[in-house]
Amino acid sequence: MGSLTRRQLLAALLGAPLTARLYGCRPEREPPDSIEGELLGPDLRLGHRLRQPPPLAAWRDAPQRRTRVAIVGGGPAGLSAAWRLARRGERDFAVLELDTKLGGTSRDGRSEVTPYPWGAHYLPVPGRHNHDLRALLTEMGALDERGEPAEHVLVREPHERLFFRGYWYPGLYPYAGASPSDLAELSRFRALTARHAESFRLPMARSARDRLDLDLVDGATWLRQNGLRSERLHWLCDYACRDDYGLRLEDTSAWALLFYWAARLEDGKEAPLLTWPEGNGALVRHLAQAAGERALTGRLVAHIEPSQDEVRLAVLNSDGRRERWVAERAILAVPRFAATRLVPNLPTEGFDHGAWLVANLHLRDRPIGRGVELAWDNVLYDSPSLGYVTATHQRGRDFGPTVLTYYLPLCETDSRASRQALLAAEHGDLAEAALLDLERAHPSLRSVVRRLDVWRWGHAMTRPRVGFLLGGARFEAGHPRGRLHFAHSDLSGVALFEEAFFHGVRAADEVLAA
Amino acid sequence: MGDADRPRLNRPLLFVTVLVIATSGLVYELLAGTLASYVLGDSVTQFSTTIGTYLFAMGIGSFLSRYVKNDVARRFVEVELGAAVLGGLSAPLLFVGFARAESFEVLLYATIVAIGTLVGLEIPLLMRILKEELAFADLVAKVLTFDYVGALLGSVLFALLFVPAMGLTRTSLFFGMLNAAVALLATHTLGHLIAPKVTRALRLVAILVIAGLALLFIRADRFTLWTEQALYRDPVVFAEQSPFQRIVVTRGRSTELYLDGHLQLSTADEHRYHESLVHPAFAVAPRHTRVLVLGGGDGFALREIFRYPDVEEVTLVDLDEAVVRMARRIFGAANGGSLDDPRLRIVHDDAMVWLDEHADAPPFDVAVVDFPDPGNFSLGKLYTRRFYALLRRVLAPDSVVVVQSTSPLYARRSFWCIEASMRAAGFHTRPYHANVPSFGEWGFVLARKLPFDEPAELALRGLRYLDDATLRTLFVFPPDMSRVPVEINVLNEQVLVRYYDDEVRQWDL
Ligand SMILES: Cc1cc2nc3c(=O)[nH]c(=O)nc-3n(C[C@H](O)[C@H](O)[C@H](O)COP(=O)(O)OP(=O)(O)OC[C@H]3O[C@@H](n4cnc5c(N)ncnc54)[C@H](O)[C@@H]3O)c2cc1C
């Protein structure tokens, strides 16, 4: 991999045609640029240890600690399990998180200007039936006593804008120049999703299981089968799939496509979105408060040994020391690929984790662009990326320095190849990809970038490809095995906070009922 | 002159000359048309009359070319230089003229006729040089082709390239420089037809013209101070682009402050506005010890506030340092030096962010909220239910707030939307209005956490506009300004920005 030229790397990230257009005929292998910034990612060193941990025997002399419930993984799923246990009066648990920071793919960062997300950044207001999640949001003050979302947590207007043919337009759908038939297809598509609203529910475990047929066809084909051919509509749906699943429309299950739109409808209206400057890091922080000191970071669970009456865990600390943990039960709130390394013979069929690049651009001043004013979500029509989110938007700081969070899902069918390209790249390459892409909308962007940090998510999220959601392996994956319980958004096949929360709470309830 | 003695002529250079002449000729024509429709409005008629005049003047020019008997080459260079100066300065000249000249139309058409005549002279003179002096009859046809190409080029480049990239002023200066460069070139290509002494003088003039225009081109930003003048009635005496907005002050019979082109105050009647803004709230408030002012960095509301001897501490939160700096410099006398009062503390921050971060500040007794109208989302947020909820947190139960709320007459839904949003945040409100001639009917909302009555008596005597009798009339709303049903302005759905936009369009404010 090390032999890739910068151009080839950029092509792997942005796609060959766009790279050719943007990178043009610049010389290959330029020296890394001078933009300051760091290359970040889940601790690769520790992750590597997970793949090849020392044998179990190495823990023979390690000190032993006891807890009733060991929760492996301190992302939203693990922390939701902890929250549930704590709220139900069970205090004897421990969260073991390998990273030095809690949150998993919902983690955040902070600068002197503003906090900002590194991953998940919004949550649609949950429907009336989603009592548990609504209870969490009420605790946080995001819903008021009457169950109404708090004004300052709802995404502030202007919500989104779209860079289309050289100009920023309000909203997400490219209305400029749309033909009457484009618009007719858009409203027909809306009517179709509204008709399905009853079958699709969040969390997805509450959705009807009788539309297996939809999971066996991809989104693009399904649209065409329904007579929907508008390029703009296909773009909108493709954007939605890339945004939520890191997949192209033609690889995404039509079930997942409909789920994206229909599950968020409440009384025929799209649920408004909740957000915080640090993104879903705010949810993580609240959940972590409930876990308190029982959430431990820098703890890699290397082996799990279940037996008749207890579960033994071999834990490697970030400082190199070893611990043996003994628990009555364990909740595995880790991604599927990590769980299979800990527990032999887990069904893994169909789990496919996509890679994502996230960049945080620290700006001295607002970027200049033609068209409507800076919004919360800023999307580029003609781009493999999802554009960027403005961290200072929600607080109402509309002038001066800010942080933009740029999202680039690597949607190639072969997720391993994308992952390798991503991990092979240097900071300069990834920064260049983000800048080249955004410069089309903001030609003078470089002059206001003070710093550009990059996060490489090798296994960002599982992808709902055709046939996966309603296939057997996924359902089986969530069933408890003896004293082991499973949580994590992977089990839903769609990486959403609602799903992580649902599985965390469910696993905690299983433990409480046992 | 026999064939053998004919000097060699650099044909490519000649074609470049024609191309430039034709292109810039057309650009001047388009510039005048665009500018006239820009400052006078009604683009279609303005455009066609200016262009008609221009074409007519070109006819005069070519007719006049017959009267040039001798020294044709020298005259040609002189005409070029004339076109360079007049054409190059045309846009800035007309912008400035629009603000200062008694009759702009006279200036406009005089300029157009002058430039048209000079441009009309150019090609016929050049042809005569080619035909008579140099006996290049065959070249003439080709020259005409280049003339057409140049004209086409001019019209395309003008709209697509020059105006978007450089603006009118710089486009005009740029083509002036090109014209002068052609004149310089001609002293070289046609040098042998002009006396050496004259050639040297012409060259010097050409270089000076290029240098002068180039200087203006580089300093065009300063220049916009004048050219911006087109937008204002009175002479611009101050203009600054702060990171947040464009600040302009004009001075005629009165001094006026504009932010982003919107009138903020006129010294002719600002006392009506600021007395109405401040004193009703002070009449209701039981204490005036700690006062909060949001927006209003011009210092006029502060002047009214500092009239009360019991005011001990005023906190002013204004986003823009440049407004305060400007007000100290320009309105220091008019606002009574209020910005330098020792009781004042100035904070430069976004008022919403500041309120969010100062929830636990000791409560203020009076809050005066005076923001620009909700013309965009970042101003609209300062009129949301959330904003008023944040404001509530820094007030005691009996404290009083007043909010500048646009015009209940011109922007009726906007006015009542602000009032309704304040009620939605839990305030009891008493809307009122005053007549401020330079704005028209202007509205305010007085509010408090506890129910209260309209003030009947001022806490201060000797004001210019308000006395007790006038005060009471402010709270009466005639039918054409009375309450209308509206939605509430919230951060996630800023209906107010849409109401205001609709209403502004309607009245063409
Ligand atoms: C770039 C990006 C943007 C996203 N945007 C959104 C969004 O806007 N809204 C949304 O709802 N969702 C979004 N998501 C999806 C997001 O993944 C979920 O919302 C949520 O974070 C999933 O939580 P989880 O607990 O299931 O998994 P994770 O977040 O993956 O948490 C798993 C945790 O387990 C830890 N772990 C793994 N192995 C071990 C081990 N052996 N020992 C100890 N600990 C271990 C990991 O370090 C990690 O902290 C986004 C994801 C990404 C990558």
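Note: the structure precedes this text.
Summarised in this report is the structure supplied together with it. Computed from a predicted structure; not experimentally measured.

### So, the sheet that holds strand 6 (residues 313-317) of chain B
Hydrogen bonds between backbone groups are what pair the strands of a sheet, and the pairing can be parallel or antiparallel.
Residues and elements named next belong to chain B.
Here's step 1: Read from one edge of the open sheet, seven strands run 7-6-5-8-9-11-10, paired in mixed fashion. Because the sheet does not close on itself, it has two edges, and the strands there are strand 7 (344-347) and strand 10 (428-436). Taking the axes of each pair of neighbouring strands and ignoring which way they run, one obtains an average angle of 15 degrees across the sheet.
Here's step 2: Direction of pairing for strand 10 relative to strand 11 (residues 440-448): antiparallel, over a ladder of nine bridges. Across the sheet, the residue bridging to Arg430 is Leu446, located in strand 11.
Here's step 3: Docked against the sheet, helix 14 (residues 412-424) engages strand 9 (395-404), strand 10 and strand 11, running at close to 155 degrees with respect to strand 10.

### Describing helix 16 (residues 497-513) of chain A
One turn of the α-helix equals 3.6 residues, which is why residues spaced by three or four share an orientation.
Here's step 1: Spanning 17 residues, helix 16 of chain A covers 24 Å between terminal C-alpha atoms, matching the ideal 24 Å at 1.5 Å per step.
Here's step 2: Of all 17 residues that make up helix 16 of chain A, 13 are buried, and the element is covered over most of its length.

### Re the interface of chain A and chain B
Here's step 1: Across the boundary between the two partners, chain A contributes 14 residues, which contact 22 residues of chain B.
Here's step 2: Of the roughly 1700 Å² buried where chain A meets chain B, counting both sides, 47% is carbon and sulfur surface.
Here's step 3: Of all residues in chain A, Glu151(A), Glu157(A) and Phe399(A) give up the largest surface area on contact with chain B, accounting jointly for 41% of the area buried on that side.
Here's step 4: On inspection of chain A and its partner chain B, the count reaches six salt bridges.
Here's step 5: As a salt-bridge pair, Arg397(A) and Asp349(B) come within 3.0 Å of each other at their nearest N and O atoms.
Here's step 6: Linking chain A to chain B there are 14 residue pairs in polar contact (both at pLDDT 80 or more).
Here's step 7: Residue classes in the side of chain A that touches chain B are distributed as four nonpolar, three polar and seven charged.

### Digging into the site of the ligand
Residues and elements named next belong to chain A.
Here's step 1: Near the ligand lie 36 residues; those nearest to it are Ala77, Glu97, Thr105, Ser106 and His488.
Here's step 2: In this structure, an oxygen atom belonging to the ligand sits 2.7 Å away from a main-chain N or O atom of Ala77.
Here's step 3: For the ligand, the protein covers 94% of the area, taking 990 Å² as the surface of the free molecule.
Here's step 4: Among the elements of the structure, helix 4 (76-87), strand 13 (299-306), strand 16 (353-363), strand 20 (449-462) and helix 16 are those that each provide at least two residues to the shell around the ligand.
Here's step 5: A total of three residues in the shell around the ligand trace back to one element, the largest contributor, which is strand 13.
Here's step 6: Across the shell around the ligand, the residue classes break down as 23 nonpolar, 11 polar and two charged.
Here's step 7: Taken domain by domain, the makeup of the shell around the ligand includes at least three residues from each of domain 1 (6-44 + 353-462) and domain 2 (62-108 + 279-349 + 465-513).

Analysis parameters
- Residues numbered from 1 in each chain as written.
- Chains lettered and ligands numbered in written order.
- Predicted model: local features only at pLDDT ≥ 70, side-chain atom pairs only at ≥ 80, totals over all residues.
- Heavy atoms only, no water.
- Pairing = 2+ DSSP bridges.
- Helix = DSSP H or I, 4+ residues; strand = E, 2+ residues; numbered from the N terminus.
- Axes fitted to C-alpha atoms, helices over the stretch in contact; angles between N-to-C directions.
- Contact = heavy atoms within 4.5 Å.
- Expected span 1.5 Å × (residues − 1).
- Buried < 20%, exposed > 50% of the residue type's maximum accessible area, 1.4 Å probe, protein only.
- Buried area = accessible area lost by both parts, 1.4 Å probe.
- Salt bridge = Lys/Arg side-chain N within 4 Å of Asp/Glu carboxyl O.
- Polar contact = N/O pair within 3.5 Å; in protein donor to acceptor, adjacent residues only side chain to side chain.
- Nonpolar A, V, L, I, M, F, W, Y, C, P; charged D, E, K, R; others polar.
- Near = heavy atom within 4 Å.
- Areas by Shrake-Rupley, 256 points an atom, 1.4 Å probe, with all protein chains shown as cover.
- Domains from an automatic or database assignment.

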